[in-house]
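# Examining the three-dimensional arrangement
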Number of protein chains: 2
Amino acid sequence: MTASILVVGSVAFDSLKTPFGQADEILGGSATYFSVSASYFSPVRVVAVVGSDFPEKHLDVFRKHNVDTTGLAQVQGRTFRWKGEYSYDLNEARTLDTQLNVFETFKPVIPEAYRSSEYVFLGNIDPELQLSVLEQIKRPRIVACDSMNFWIKGKLDAVKRTIAHVDILIINDAETRMLANEANLVRAANGVLAMGPKTLIVKRGEYGVLMFNGKSVFGAPAFPLEDVFDPTGAGDTFAGGFMGALAHADAVNERSFRRGIIFGSVMASFNVEKFGLQRLTDLKRAEIDERFRQFKALTHFEEV
Amino acid sequence: MTASILVVGSVAFDSLKTPFGQADEILGGSATYFSVSASYFSPVRVVAVVGSDFPEKHLDVFRKHNVDTTGLAQVQGRTFRWKGEYSYDLNEARTLDTQLNVFETFKPVIPEAYRSSEYVFLGNIDPELQLSVLEQIKRPRIVACDSMNFWIKGKLDAVKRTIAHVDILIINDAETRMLANEANLVRAANGVLAMGPKTLIVKRGEYGVLMFNGKSVFGAPAFPLEDVFDPTGAGDTFAGGFMGALAHADAVNERSFRRGIIFGSVMASFNVEKFGLQRLTDLKRAEIDERFRQFKALTHFEEV
C-alpha cells in the first residue's frame, strides 16, 4: 500500500514567545511541520526554498525522517523568518514580525521524480503558486490544500480558482466563515463545498475538527491536554498526520478520511506539548497508536 | 427502571431578541427548560415560584408533559422576568434587563412527596438555596448542580460548600476556568473535581461537551445545525436530557453518563432550532432516538 506524498510550502526560522517560555530562530514552516508529521506514516517529498543561512543540522531533521529533499531549493539570501507571540488563550498567534526573504520570490518547481506523487498537499502559500503546482503534476489521487485569511482577503479570485481544483480543503472555522461570507458554520461549509472541493475539513483549535462532504458530517474533539506549550504548526501537523494516514492506507473513502482525521488530531496533540518540532521529532510509532486508542476511549458511547 | 427527578430552579418570562427575530414574555426559566426536556425520559417534579400574573396556559405546558407541579408555588406579585439579546455569535447572551420580582424572596420548600426523589437537579440559583434543598431531601442516587459566573464571583464560599455535596457539576468552560482560577481547561477541571464533585460536565456551546471524572475524559461535539434560532435554555435543556436519560436507565456508571450526555446534546440541539420552548414542546420520542443515531454517525470512526 503506502503511497508517496508531495508537500509544497514554507520552511522557516520561527521565533516564538508563549506564556511558558520562548525560542529564537528554531526550525519551522508549514512544509516542515507537515513533512515530519506525515513521515511517521508514508514517504514524503518536499518542495520549498531556504536561504544560504540554512544550516546542515536542519537538513538533517528532514533526512532523519526520510523526507526527500530533492525539491528543497537552497538559494542566495536569508531564510524566511516569522516571529509570533501567544497569550494564555493559545488559540491564536499574534504576528510580531514577518521577513519573507528568499520566500518572496519562491516559484515552486516540482522535480520530475515528484510529478507522479499520488497524494499532494498544498501548504498555505500564495494561491497562484498553489495553482502552478497543480499545473506541473500528473493526476494525483488526492490533492489537499490549506489557505488563510490573508489570501482570502487579498486574492479571493485566485483562492477560488485553486480550490475549484482540489479534493480536500483544510482551513479553520474563521476562514470557512470568511470564505463563504456566512456566520453559521454548517451553511458556510456548504457554501465552500459549492466552490469545488469535495471535502472540507474545518480546524477549530482546542475544539477539534469537523469534516463536511455535503452528505455527512464527522466531528472529533481535540485531545484534552494538561500542558499546551506551543501551538505553532498544529494545523500543518494535523494535515501531515491526515495525509500520511491516507497515503499509508492508500484508500480514498469515508472510513480512511475519518481515521485520517484522528491520526491528524493525534499528531497535532503531540506537537503542542513542547516547543517547535521538539516533540514531533522525538516520537515513537507506538505512542501514536496508543493515543489513537485514547481518542477512541475519549469519544466512544454506546448505541441508542 | 425509570426513577423520578426533582428539579429546583427558576420559572420566568423571557423577552428575547436574536438576529432572526424576537419574542416577548414567553415562558422560560431554568426549571422550565429542564423539566420539559427531562419529561421525555422520566417523571419530573418541579420546585419553583411564579407570580399572580402566571397564566393557566403556561401551567398547561408542564401538565401536558406530566411534570408534577405540586412544588410550583404561586405567590402574590410578578413573575421573574429576563430580557436578553444575541448577536450573530449565538454563544453568549447580552442581558438587557433582569427583574427578579417574586424570585427575589424565593425559599425552596420541597414537598414531602418529593423528598425521596432519587435524581435531583439544582438549577442555577443562589448556592445557599441550593444547599437548603440538599438539607431537605433524603439521600438521592445522584445530585447534579448548575451555577454561573455571578455566584462564583459573588458567593464563592457558598458555591464551594454546595458543590462539595454534589455528584455532578454541570457548568460552562468559562465558569470552570473561573472557579479553579486556571486557564488550561484540563487543569481547571481537575481543580474543580478536587472541590468535591465526582464528575464535572463542561458545556462549550457550539463546541459540545467534555466530561471529567479524574480517571477518564469523554468528549462529544455539538450537533452541527444549519439553523440556530435561539440558544436560550440550551444548557438547562442539556441537563434535562442528561438527567432524564440517567433516571430512565436508573443506572449510575460511565456508560449511562456518556449516553446521558448524548441525549442531553440531542435535546439541546432540538431546543435551539426554534424560539423559546417551541421545538421542545413539539417533539416526538422517535425524533430523539433518530438524532441520537445521527450523533453516532457524526462521531464514529474505526479502531486503529
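Residues numbered from 1 in each chain as written. Chains lettered and ligands numbered in written order. Predicted model: local features only at pLDDT ≥ 70, side-chain atom pairs only at ≥ 80, totals over all residues. Heavy atoms only, no water.

### Focus on the pairing of strand β9 (residues 142-145) of chain A
Walk down a regular strand and you will see the side chains alternate between the two sheet faces. Residue and element names in this part refer to chain A. The two faces of β9 match: I142 and A144 on one face and V143 and C145 on the other face are all buried. Here strand β8 (residues 119-122) pairs with β9 via 4 bridges, running parallel. Bridge pairing in β9 links V120 to V143. After leaving β8, the chain enters helix α3 (residues 127-136) and then returns to the sheet as β9, a path that is right-handed. Inspection of the sheet shows β9 paired to strand β10 (residues 168-172) by 2 bridges, in the parallel sense. Residue pairing in the sheet places C145 in a bridge with L169 of β10. (Buried < 20%, exposed > 50% of the residue type's maximum accessible area, 1.4 Å probe, protein only. Helix = DSSP H or I, 4+ residues; strand = E, 2+ residues; numbered from the N terminus. Pairing = 2+ DSSP bridges. Right-handed = clockwise from strand over helix to strand, strands pointing away.)

### Observations concerning the sheet that holds strand β7 (residues 94-99) of chain A
Residue and element names in this part refer to chain A. In spatial order, the strands read β3-β2-β6-β7; together these 4 strands make up an open sheet with mixed pairing. Both outer strands of the open sheet, β3 (21-28) and β7, are each paired with one neighbouring strand and no more. If you compare each strand with its neighbour and ignore which way they point, the axes differ by 15 degrees on average. Strand direction decides the pairing type here: strand β2 (residues 12-18) and β3, joined by 6 bridges, are antiparallel. Within the sheet, the bridge partner assigned to F13 lies in β3 and is L27. (Axes fitted to C-alpha atoms, helices over the stretch in contact; angles between N-to-C directions.)

### A look at the pairing of strand β4 (residues 44-50) of chain B
Residue and element names in this part refer to chain B. β4 sits mainly inside the fold: 7 of its 7 residues count as buried. Taken together, the 4 bridges between strand β1 (residues 5-8) and β4 define a ladder with parallel strand orientation. Bridge pairing in β4 places I5 opposite V44. Examined bridge by bridge, β4 and strand β5 (residues 67-74) share 6 bridges and lie parallel to one another. Residue pairing across strands places V49 opposite A73, the latter belonging to β5. Each parallel crossover has a hand, and for β4 linked through helix α2 (residues 56-64) to β5 it is right-handed.

### Focus: the sheet that holds β4(B)
Backbone-to-backbone hydrogen bonds pair the strands of a sheet. The strands run either parallel or antiparallel. All names here are of chain B. The strand order across the open sheet formed by 9 strands is β5-β4-β1-β8-β9-β10-β11-β12-β13, and the pairing between neighbours is mixed. The two strands at the open ends of the sheet, each matched to only one other strand, are β5 and β13 (217-220). Within the sheet, the average angular offset between the axes of one strand and its neighbour, ignoring direction, is 15 degrees. Relative to strand β8 (residues 119-122), β1 runs parallel, the two being bridged by 4 bridges. Counted as the bridge partner of L6 is V120 from β8.

### Looking at the interface of chain B and chain A
Contact residues are listed per partner, giving 38 residues for chain B and 39 residues for chain A. Carbon and sulfur atoms make up 54% of the surface buried where chain B meets chain A, a total of about 3,700 Å² over both sides. Along the contact surface separating chain B from chain A lie 6 salt bridges. A salt bridge links D227(A) to R187(B); the shortest N-O distance between them is 2.4 Å. At the boundary of chain B with chain A, the tally comes to 24 residue pairs in polar contact (both at pLDDT 80 or more). Elements represented by at least two residues in the side of chain B that touches chain A include exactly α6 (173-180), α7 (185-193), β13, α9 (254-271) and α10 (285-299) of chain B. Top element by residues in the side of chain B that touches chain A is α10(B). It accounts for 8 residues. Looking at the side of chain B that touches chain A residue by residue, the classes come out as 18 nonpolar, 5 polar and 15 charged. (Contact = heavy atoms within 4.5 Å. Buried area = accessible area lost by both parts, 1.4 Å probe. Salt bridge = Lys/Arg side-chain N within 4 Å of Asp/Glu carboxyl O. Polar contact = N/O pair within 3.5 Å; in protein donor to acceptor, adjacent residues only side chain to side chain. Nonpolar A, V, L, I, M, F, W, Y, C, P; charged D, E, K, R; others polar.)

### Some points on the environment of K17(B)
Residues and elements named next belong to chain B. Mapped onto the secondary structure, K17 falls in strand β2 (residues 12-18). Along the backbone, K17 and G208 are 191 residues apart, and their C-alpha atoms lie at a distance of 23 Å. Once residues within four sequence positions are removed from consideration, K17 is found in contact with Q22, G84, E85 and Y86.

### Quick look at the relation of the copies chain B and chain A
Superposition of chain B onto chain A requires a rotation of 180 degrees combined with a translation of 0.0 Å along the rotation axis, giving an RMSD of 0.0 Å. Interpreted geometrically, this transformation is the action of a two-fold axis. Interface residue correspondence from chain B to chain A reaches 100%, placing this contact among same-surface, isologous pairings. (Least-squares fit on C-alpha atoms with pLDDT ≥ 70 in both.)

### Structural notes on the packing of helix α9 (residues 254-271) of chain A against helix α10 (residues 285-299) of chain A
All names here are of chain A. Contact geometry for α9 and α10: axes closest at 9 Å, N-to-C directions at 115 degrees. In terms of axis orientation, α9 runs roughly perpendicular to α10. Relative to α10, the crossing made by α9 is right-handed. Residues R259, I262, F263, S265, V266, M267, S269 and F270 of α9 pack against R285, E287, I288, D289, R291, F292 and F295 of α10. Split into classes, the residues belonging to the contact of α9 with α10 amount to 8 nonpolar, 2 polar and 5 charged. (Parallel < 35°, antiparallel > 145°, perpendicular 65-115°, else oblique. Left-handed = near helix turned anticlockwise from the far one by under 90°.)

### Let's talk about the confidence of the model for chain A
Low-pLDDT stretches of the model should not have their predicted coordinates read in fine detail. With 100% of its residues at a pLDDT of 70 or more, chain A shows a mean pLDDT of 96. For this predicted complex, the interface confidence score (ipTM) comes to 0.92, while the overall pTM stands at 0.95. (pLDDT = per-residue confidence, 0-100.)

### Observations concerning the side chain of H58(B)
Residues and elements named next belong to chain B. Structurally, the position occupied by H58 is in helix α2. Residue H58 is classed as buried on the basis of its relative accessible area, which comes to 10%. Non-local contacts of H58, meaning those with residues more than four positions away in its chain, are made with F13 and L27.

### A short note on the packing of helix α1 (residues 30-38) of chain A against helix α8 (residues 234-249) of chain A
Packed helix pairs are characterised by how far apart their axes lie and by the angle those axes make with each other. Residues and elements named next belong to chain A. At a minimum axis distance of 7 Å, the contact between α1 and α8 shows a crossing angle of 40 degrees. When the interaxial angle is binned, α1 and α8 end up oblique. Considering how the two elements wind past one another, α1 and α8 form a crossing that is right-handed. Contacts from S30, Y33, F34, S37 and A38 in α1 reach D236, T237, A239, G240, G241, M243 and G244 in α8. In terms of residue class, the contact of α1 with α8 is made up of 5 nonpolar, 6 polar and 1 charged.

### Remarks on the pattern of salt bridges
Tallied over the full model, the rule gives 42 salt bridges over all chains. Among the ionic pairs, R94(B) bridges to E85(B), the shortest N-O distance being 2.7 Å. Overall, E85(B) belongs to the partly exposed group, its relative accessible area being 21%. Across the salt bridge formed by K138(B) and E112(B), the nearest N and O atoms sit 4.0 Å from each other. With K138(B) in the loop between α3 (127-136) and β9 (142-145) and E112(B) in the loop between β7 (94-99) and β8, this pair connects stretches of sequence that are 26 residues apart. A relative accessible area of 47% means that K138(B) is categorised as partly exposed. Residue classification places E112(B) among the exposed positions, given a relative accessible area of 56%. Each of E273(A), R279(A), E287(A) and R291(A) takes part in a single network of salt bridges with overlapping partners.

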